[in-house]
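Working through the structure, step by step
In case you want the letters, here they are:
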Amino acid sequence: MPSWFKPSNIAIGLAALTGLANAAHYDVTVGKGGQLKFEPETLTAQPGDTVTYRFFAKNHAVAQSTFNNPCQIQENGIFSGFTPNTSPDVAAPTTFTITVNDTKPLWFYWPYMGNTFDAYKAKAQQAATPSTPPVGTLPAGGERKLHIDVGFNGSLVFNPNNVNELVGTILEFGYNPANHSIVQSSFDKPCQPLDAGGFAAPFVPTKQTPSGATFEVAVTDDKPIWFYCAQTAKTHCQAGMVGAVNAPAQGEKTFDAFRALAAKAPPSTIPPNTPLVGTLKVNGTVVADVRGSVLNVTDLHTELVQGDDAVAPPPSATGSSSCSTGGQKWRVTPRRPSPWTRRAAQP
(Lines give C-alpha, C1' and ligand atoms only; values in the text may rest on other atoms or scores of the structure.)
Protein backbone atom coordinates (compact mmCIF):
# COMPACT_ATOMS: atom_id res chain seq x y z
CA MET A 1 0.00 0.00 0.00
CA PRO A 2 1.53 3.37 -0.97
CA SER A 3 2.79 5.49 1.89
CA TRP A 4 0.29 8.24 1.24
CA PHE A 5 -2.50 6.02 2.46
CA LYS A 6 -1.46 6.65 6.06
CA PRO A 7 -4.16 7.75 8.50
CA SER A 8 -4.25 11.45 9.17
CA ASN A 9 -6.39 13.93 11.02
CA ILE A 10 -7.16 15.85 7.87
CA ALA A 11 -10.82 16.68 7.50
CA ILE A 12 -12.95 19.41 6.10
CA GLY A 13 -16.55 20.27 6.84
CA LEU A 14 -18.71 22.19 4.41
CA ALA A 15 -21.94 23.47 5.93
CA ALA A 16 -24.60 24.76 3.57
CA LEU A 17 -26.93 27.51 4.84
CA THR A 18 -30.58 27.78 3.97
CA GLY A 19 -31.82 30.28 1.44
CA LEU A 20 -30.76 31.04 -2.07
CA ALA A 21 -28.48 33.85 -3.11
CA ASN A 22 -26.14 34.69 -5.92
CA ALA A 23 -23.84 31.71 -6.35
CA ALA A 24 -20.37 32.19 -4.93
CA HIS A 25 -17.18 30.29 -5.67
CA TYR A 26 -14.57 29.10 -3.19
CA ASP A 27 -11.07 27.66 -3.61
CA VAL A 28 -9.69 25.06 -1.20
CA THR A 29 -6.04 24.00 -1.33
CA VAL A 30 -5.10 20.41 -0.55
CA GLY A 31 -1.64 19.83 0.91
CA LYS A 32 -0.19 23.21 -0.06
CA GLY A 33 3.29 23.91 1.28
CA GLY A 34 3.72 20.29 2.29
CA GLN A 35 1.13 20.64 5.07
CA LEU A 36 -1.31 17.80 5.65
CA LYS A 37 -4.36 20.01 5.70
CA PHE A 38 -7.13 21.61 3.74
CA GLU A 39 -7.08 25.39 3.59
CA PRO A 40 -9.57 26.61 4.62
CA GLU A 41 -10.74 23.68 6.71
CA THR A 42 -14.34 24.87 6.99
CA LEU A 43 -16.66 26.79 4.71
CA THR A 44 -20.19 28.08 5.03
CA ALA A 45 -21.80 28.05 1.61
CA GLN A 46 -25.17 28.63 0.02
CA PRO A 47 -26.95 26.10 -2.20
CA GLY A 48 -25.72 26.72 -5.73
CA ASP A 49 -22.23 27.77 -4.62
CA THR A 50 -19.24 25.92 -6.02
CA VAL A 51 -16.03 24.75 -4.36
CA THR A 52 -12.86 23.95 -6.31
CA TYR A 53 -10.12 21.82 -4.76
CA ARG A 54 -6.54 22.51 -5.90
CA PHE A 55 -3.96 19.78 -5.29
CA PHE A 56 -0.32 20.06 -4.20
CA ALA A 57 2.45 17.52 -3.53
CA LYS A 58 2.49 14.64 -3.41
CA ASN A 59 -0.62 12.62 -4.28
CA HIS A 60 -3.88 13.70 -2.69
CA ALA A 61 -7.60 13.29 -3.10
CA VAL A 62 -10.85 14.51 -1.56
CA ALA A 63 -13.39 11.96 -0.30
CA GLN A 64 -16.78 12.37 1.36
CA SER A 65 -17.65 10.61 4.61
CA THR A 66 -20.39 10.75 7.20
CA PHE A 67 -19.93 12.60 10.49
CA ASN A 68 -19.82 9.36 12.50
CA ASN A 69 -17.29 7.65 10.21
CA PRO A 70 -14.81 10.41 9.40
CA CYS A 71 -12.22 8.40 7.51
CA GLN A 72 -14.44 5.98 5.61
CA ILE A 73 -15.75 6.74 2.15
CA GLN A 74 -19.48 7.29 2.16
CA GLU A 75 -21.42 4.99 -0.14
CA ASN A 76 -22.13 6.87 -3.38
CA GLY A 77 -20.26 9.82 -1.91
CA ILE A 78 -18.10 12.45 -3.57
CA PHE A 79 -14.61 11.40 -4.62
CA SER A 80 -12.08 13.45 -6.61
CA GLY A 81 -9.65 10.77 -7.68
CA PHE A 82 -5.98 11.00 -6.70
CA THR A 83 -3.94 13.80 -8.24
CA PRO A 84 -0.14 13.38 -8.33
CA ASN A 85 1.89 16.58 -8.09
CA THR A 86 5.60 17.03 -7.36
CA SER A 87 5.34 20.66 -6.24
CA PRO A 88 4.31 21.78 -2.74
CA ASP A 89 3.83 25.34 -3.97
CA VAL A 90 2.39 25.14 -7.50
CA ALA A 91 -1.06 23.59 -7.88
CA ALA A 92 -1.55 20.65 -10.21
CA PRO A 93 -3.30 21.50 -13.50
CA THR A 94 -6.05 19.09 -12.49
CA THR A 95 -8.82 20.46 -10.25
CA PHE A 96 -12.02 19.06 -8.76
CA THR A 97 -15.17 21.17 -8.39
CA ILE A 98 -18.35 20.38 -6.49
CA THR A 99 -21.67 22.23 -6.32
CA VAL A 100 -23.51 22.67 -3.01
CA ASN A 101 -27.01 21.33 -3.69
CA ASP A 102 -28.80 21.55 -0.34
CA THR A 103 -28.50 22.62 3.29
CA LYS A 104 -27.05 19.40 4.68
CA PRO A 105 -23.46 19.51 6.01
CA LEU A 106 -20.85 17.85 3.83
CA TRP A 107 -17.90 16.16 5.55
CA PHE A 108 -14.68 15.42 3.72
CA TYR A 109 -11.41 13.74 4.56
CA TRP A 110 -8.15 13.23 2.87
CA PRO A 111 -7.49 9.55 2.12
CA TYR A 112 -3.72 10.07 2.51
CA MET A 113 -3.79 7.17 3.24
CA GLY A 114 -23.36 18.51 18.76
CA ASN A 115 -22.03 17.86 14.97
CA THR A 116 -19.34 20.50 14.73
CA PHE A 117 -16.21 20.49 12.62
CA ASP A 118 -14.04 20.25 15.73
CA ALA A 119 -15.99 17.19 16.85
CA TYR A 120 -15.64 15.67 13.39
CA LYS A 121 -11.89 16.33 13.42
CA ALA A 122 -11.57 14.76 16.86
CA LYS A 123 -13.33 11.64 15.59
CA ALA A 124 -10.98 11.56 12.62
CA GLN A 125 -7.95 11.55 14.92
CA GLN A 126 -9.24 8.38 16.57
CA ALA A 127 -10.51 6.71 13.44
CA ALA A 128 -9.21 3.53 11.90
CA THR A 129 -7.00 3.62 8.82
CA PRO A 130 -8.83 5.71 6.21
CA SER A 131 -10.63 3.70 3.59
CA THR A 132 -9.09 4.03 0.18
CA PRO A 133 -10.90 3.51 -3.12
CA PRO A 134 -9.73 0.57 -5.22
CA VAL A 135 -7.28 1.38 -8.00
CA GLY A 136 -9.18 2.75 -10.96
CA THR A 137 -12.06 4.23 -8.95
CA LEU A 138 -13.46 7.10 -10.99
CA PRO A 139 -14.32 10.60 -9.80
CA ALA A 140 -17.88 11.07 -8.53
CA GLY A 141 -20.06 13.89 -7.31
CA GLY A 142 -18.10 16.70 -8.95
CA GLU A 143 -16.18 17.77 -12.03
CA ARG A 144 -12.55 16.75 -12.37
CA LYS A 145 -10.81 19.04 -14.86
CA LEU A 146 -7.30 19.17 -16.31
CA HIS A 147 -6.25 22.55 -17.73
CA ILE A 148 -3.87 22.45 -20.70
CA ASP A 149 -2.29 25.68 -21.95
CA VAL A 150 -2.14 25.92 -25.75
CA GLY A 151 0.96 27.86 -26.77
CA PHE A 152 2.21 28.09 -23.19
CA ASN A 153 4.43 31.09 -22.48
CA GLY A 154 4.67 31.95 -26.17
CA SER A 155 6.23 28.59 -27.04
CA LEU A 156 5.10 25.93 -29.50
CA VAL A 157 3.97 23.55 -26.77
CA PHE A 158 0.97 22.22 -24.94
CA ASN A 159 1.48 22.42 -21.17
CA PRO A 160 1.26 19.80 -19.82
CA ASN A 161 1.85 17.76 -22.95
CA ASN A 162 2.06 14.24 -21.55
CA VAL A 163 -0.25 13.29 -18.67
CA ASN A 164 -2.23 10.42 -17.21
CA GLU A 165 -5.85 11.12 -16.34
CA LEU A 166 -8.91 9.29 -15.08
CA VAL A 167 -11.91 8.44 -17.21
CA GLY A 168 -14.49 11.20 -16.78
CA THR A 169 -11.93 13.99 -16.49
CA ILE A 170 -12.61 17.08 -18.59
CA LEU A 171 -9.63 18.28 -20.64
CA GLU A 172 -9.81 22.07 -20.80
CA PHE A 173 -7.55 23.58 -23.45
CA GLY A 174 -6.88 27.27 -22.93
CA TYR A 175 -5.81 29.29 -25.98
CA ASN A 176 -2.81 31.64 -25.84
CA PRO A 177 -1.14 33.78 -28.55
CA ALA A 178 -0.83 33.74 -31.40
CA ASN A 179 -2.94 31.41 -33.52
CA HIS A 180 -3.31 27.77 -32.51
CA SER A 181 -5.71 24.87 -32.91
CA ILE A 182 -6.31 21.52 -31.21
CA VAL A 183 -6.88 18.40 -33.32
CA GLN A 184 -7.00 14.74 -32.32
CA SER A 185 -4.93 12.31 -34.35
CA SER A 186 -3.86 8.69 -34.32
CA PHE A 187 -0.40 7.69 -33.16
CA ASP A 188 0.61 6.65 -36.69
CA LYS A 189 -0.45 9.96 -38.31
CA PRO A 190 0.55 12.62 -35.77
CA CYS A 191 -0.33 15.74 -37.82
CA GLN A 192 -3.51 14.51 -39.52
CA PRO A 193 -7.07 14.42 -38.08
CA LEU A 194 -8.34 11.13 -36.76
CA ASP A 195 -10.20 9.30 -39.51
CA ALA A 196 -13.48 9.28 -37.60
CA GLY A 197 -14.85 10.46 -34.27
CA GLY A 198 -11.94 12.66 -33.25
CA PHE A 199 -12.16 16.07 -31.61
CA ALA A 200 -11.08 19.28 -33.30
CA ALA A 201 -11.08 22.92 -32.22
CA PRO A 202 -10.56 25.89 -34.55
CA PHE A 203 -7.71 28.33 -34.89
CA VAL A 204 -8.13 31.23 -32.47
CA PRO A 205 -6.02 34.26 -33.44
CA THR A 206 -5.38 36.27 -30.29
CA LYS A 207 -2.83 38.53 -28.65
CA GLN A 208 -4.21 38.12 -25.13
CA THR A 209 -3.07 35.77 -22.35
CA PRO A 210 -5.35 34.22 -21.30
CA SER A 211 -7.52 34.74 -24.34
CA GLY A 212 -10.85 33.74 -22.78
CA ALA A 213 -11.26 31.01 -25.41
CA THR A 214 -11.29 27.39 -24.26
CA PHE A 215 -12.08 23.97 -25.68
CA GLU A 216 -13.32 21.13 -23.49
CA VAL A 217 -13.47 17.43 -24.23
CA ALA A 218 -14.05 14.48 -21.89
CA VAL A 219 -11.80 11.48 -21.37
CA THR A 220 -14.23 8.67 -22.18
CA ASP A 221 -11.94 5.64 -21.80
CA ASP A 222 -8.41 4.73 -20.81
CA LYS A 223 -7.04 4.48 -24.34
CA PRO A 224 -4.27 6.91 -25.34
CA ILE A 225 -5.39 10.27 -26.73
CA TRP A 226 -3.04 11.95 -29.23
CA PHE A 227 -3.42 15.57 -30.38
CA TYR A 228 -1.57 18.37 -32.18
CA CYS A 229 -1.72 21.99 -33.36
CA ALA A 230 -2.44 22.18 -37.11
CA GLN A 231 -0.80 25.56 -37.69
CA THR A 232 1.32 25.37 -40.84
CA ALA A 233 3.26 28.59 -40.23
CA LYS A 234 6.44 27.41 -38.56
CA THR A 235 4.98 23.88 -38.80
CA HIS A 236 3.79 23.71 -35.21
CA CYS A 237 3.03 19.98 -35.13
CA GLN A 238 6.32 19.04 -36.74
CA ALA A 239 8.12 21.44 -34.36
CA GLY A 240 6.86 19.46 -31.37
CA MET A 241 3.49 21.05 -30.57
CA VAL A 242 1.83 17.73 -29.83
CA GLY A 243 0.33 16.15 -26.75
CA ALA A 244 -0.89 12.91 -25.26
CA VAL A 245 -3.17 11.72 -22.49
CA ASN A 246 -2.66 8.22 -21.07
CA ALA A 247 0.19 7.38 -23.43
CA PRO A 248 2.15 4.22 -22.55
CA ALA A 249 5.24 4.89 -20.48
CA GLN A 250 7.17 2.15 -22.25
CA GLY A 251 7.13 0.37 -25.57
CA GLU A 252 6.88 1.57 -29.15
CA LYS A 253 4.03 4.06 -28.69
CA THR A 254 5.28 6.44 -26.02
CA PHE A 255 4.84 10.21 -26.09
CA ASP A 256 8.48 10.67 -27.12
CA ALA A 257 7.96 8.27 -30.01
CA PHE A 258 4.83 10.20 -31.07
CA ARG A 259 6.70 13.51 -31.00
CA ALA A 260 9.58 12.03 -33.01
CA LEU A 261 7.13 10.71 -35.60
CA ALA A 262 5.47 14.14 -35.82
CA ALA A 263 8.80 15.75 -36.65
CA LYS A 264 8.85 13.76 -39.91
CA ALA A 265 5.14 14.16 -40.74
CA PRO A 266 3.75 15.82 -43.90
CA PRO A 267 2.03 19.24 -43.66
CA SER A 268 -0.70 19.41 -41.01
CA THR A 269 -4.41 19.59 -41.76
CA ILE A 270 -7.56 20.36 -39.81
CA PRO A 271 -11.22 19.38 -40.46
CA PRO A 272 -13.06 22.01 -42.55
CA ASN A 273 -15.73 22.59 -39.91
CA THR A 274 -15.13 22.96 -36.18
CA PRO A 275 -15.57 22.45 -33.31
CA LEU A 276 -16.01 18.69 -33.34
CA VAL A 277 -16.88 16.42 -30.39
CA GLY A 278 -15.86 18.90 -27.67
CA THR A 279 -17.20 22.26 -26.50
CA LEU A 280 -15.74 25.59 -27.62
CA LYS A 281 -16.32 28.54 -25.26
CA VAL A 282 -15.49 32.23 -25.36
CA ASN A 283 -15.57 33.87 -21.95
CA GLY A 284 -17.72 30.96 -20.74
CA THR A 285 -20.29 31.17 -23.54
CA VAL A 286 -20.62 28.15 -25.84
CA VAL A 287 -19.88 28.66 -29.53
CA ALA A 288 -21.52 25.69 -31.21
CA ASP A 289 -20.27 26.18 -34.76
CA VAL A 290 -17.81 28.60 -36.35
CA ARG A 291 -18.66 27.26 -39.82
CA GLY A 292 -15.05 26.80 -40.67
CA SER A 293 -11.73 26.21 -39.01
CA VAL A 294 -11.02 29.77 -37.81
CA LEU A 295 -12.83 31.57 -35.01
CA ASN A 296 -13.25 35.23 -35.91
CA VAL A 297 -12.91 36.70 -32.46
CA THR A 298 -13.29 40.36 -33.35
CA ASP A 299 -17.07 40.30 -32.93
CA LEU A 300 -16.94 38.28 -29.73
CA HIS A 301 -14.73 40.20 -27.35
CA THR A 302 -12.87 43.46 -27.79
CA GLU A 303 -9.80 42.10 -26.03
CA LEU A 304 -9.55 39.15 -28.40
CA VAL A 305 -7.81 41.11 -31.11
CA GLN A 306 -7.19 39.49 -34.45
CA GLY A 307 -3.91 40.86 -35.71
CA ASP A 308 -2.37 41.01 -39.16
CA ASP A 309 -0.33 37.97 -38.21
CA ALA A 310 -3.39 35.73 -38.20
CA VAL A 311 -2.99 32.70 -40.43
CA ALA A 312 -5.91 31.53 -42.51
CA PRO A 313 -5.78 27.74 -42.55
CA PRO A 314 -7.53 25.61 -45.20
CA PRO A 315 -10.80 27.15 -46.50
CA SER A 316 -14.14 26.48 -44.84
CA ALA A 317 -17.80 27.17 -45.45
CA THR A 318 -19.15 30.69 -45.46
CA GLY A 319 -21.86 31.96 -43.17
CA SER A 320 -22.39 33.35 -39.73
CA SER A 321 -23.99 32.31 -36.51
CA SER A 322 -25.14 34.26 -33.50
CA CYS A 323 -25.94 33.61 -29.89
CA SER A 324 -26.88 35.67 -26.88
CA THR A 325 -26.00 35.57 -23.23
CA GLY A 326 -27.50 37.67 -20.50
CA GLY A 327 -29.25 39.82 -23.10
CA GLN A 328 -25.98 40.66 -24.83
CA LYS A 329 -25.76 39.45 -28.40
CA TRP A 330 -22.68 38.78 -30.45
CA ARG A 331 -21.93 37.11 -33.74
CA VAL A 332 -19.52 34.52 -35.00
CA THR A 333 -18.56 35.60 -38.51
CA PRO A 334 -16.19 33.13 -40.13
CA ARG A 335 -13.89 34.23 -42.91
CA ARG A 336 -14.87 33.58 -46.48
CA PRO A 337 -13.26 30.73 -48.41
CA SER A 338 -10.44 30.83 -50.95
CA PRO A 339 -8.42 32.59 -51.98
CA TRP A 340 -6.65 32.39 -48.63
CA THR A 341 -3.64 34.55 -47.93
CA ARG A 342 -1.28 32.68 -45.64
CA ARG A 343 0.76 34.91 -43.37
CA ALA A 344 3.24 33.81 -40.81
CA ALA A 345 1.79 33.76 -37.31
CA GLN A 346 3.92 34.71 -34.37
CA PRO A 347 4.17 31.39 -32.47
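Residues numbered from 1 in each chain as written. Predicted model: local features only at pLDDT ≥ 70, side-chain atom pairs only at ≥ 80, totals over all residues. Heavy atoms only, no water.

A separate point is the overall build of the chain. Each helix and strand in the chain was counted, giving two helices and 23 strands. Buried residues in the chain amount to 48% of all 347 residues. When the accessible surface of the chain is split by element, carbon and sulfur atoms take 50% of a total near 16,200 Å². (Helix = DSSP H or I, 4+ residues; strand = E, 2+ residues; numbered from the N terminus. Buried < 20%, exposed > 50% of the residue type's maximum accessible area, 1.4 Å probe, protein only. Areas by Shrake-Rupley, 256 points an atom, 1.4 Å probe, with all protein chains shown as cover.)

With that out of the way, let us pick up the sheet that holds strand β15 (residues 179-185). Reading across from one edge, β13-β19-β18-β15-β16 is the order of the five strands in this open sheet, with mixed pairing throughout. Every other strand in the sheet has two partners, leaving β13 (162-163) and β16 (200-205) as the edge strands with one partner each. Pairing analysis gives four bridges linking β15 to β16, with the strands arranged antiparallel. The residue of β16 that forms the bridge with Ile182 is Ala201. Strand contacts of helix α2 (residues 255-262): β13, β15, β18 (225-228) and β19 (242-245), with the helix running at about 150 degrees to β19, the strand carrying the most contacts. (Pairing = 2+ DSSP bridges. Contact = heavy atoms within 4.5 Å. Axes fitted to C-alpha atoms, helices over the stretch in contact; angles between N-to-C directions.)

For the rest of this paragraph, the subject is the nonpolar core. Soluble globular proteins tend to bury their nonpolar side chains together. Phe158, Phe173, Tyr175, Ile182, Phe215 and Phe227 are the most contacted members of the largest nonpolar core, which totals 27 residues. Broken down by secondary-structure element, the contributors of at least two residues to this core are β11 (143-150), β14 (170-175), β16, β17 (213-218), β18 and β20 (279-282). The contact partners of Phe173, leaving out residues within four places of it in the chain, are Ile148, Val150, Phe158, Ile182, Ala213, Thr214, Phe215, Val217 and Phe227. Of all hydrophobic cores here, the second largest spans 18 residues; its members include Phe187, Val242, Phe258 and Ala265. (Core = buried A, V, L, I, M, F, W, Y, C linked by side-chain atoms within 4.5 Å.)

One pass over the full model with this rule turns up one disulfide. Two residues share a disulfide in this structure: Cys191 and Cys237, whose sulfurs sit 2.0 Å from each other. Here Cys191 and Cys237 share a disulfide; its torsion about the S-S bond, -85 degrees, makes the bridge left-handed. With Cys191 in the loop between β15 and β16 and Cys237 in the loop between β18 and β19, this pair connects stretches of sequence that are 46 residues apart. Cys237 shares its class with Cys191; the two are buried. Cys237 provides the cysteine sulfur closest to Cys229, a residue in no disulfide bond, and the two sulfurs are 8.2 Å apart. (Disulfide = S-S within 2.5 Å.)

Okay, the environment of Gln74 next. Mapped onto the elements of the fold, Gln74 is located in the loop between β7 (63-65) and β8 (83-85). Overall, Gln74 belongs to the partly exposed group, its relative accessible area being 28%. Taking the C-alpha atoms as reference, Gln74 lies 9.6 Å from Trp107; in sequence the two are 33 residues apart.

Mean pLDDT for the chain: 79, with 72% of residues reaching 70 or above. Counted against residues more than four places away or in other chains, residues 1-21, with its pLDDT under 50, gives 81 contacts. Every residue in residues 301-347 is under pLDDT 50, and counting partners more than four places away or in other chains gives 113 contacts. (pLDDT = per-residue confidence, 0-100.)

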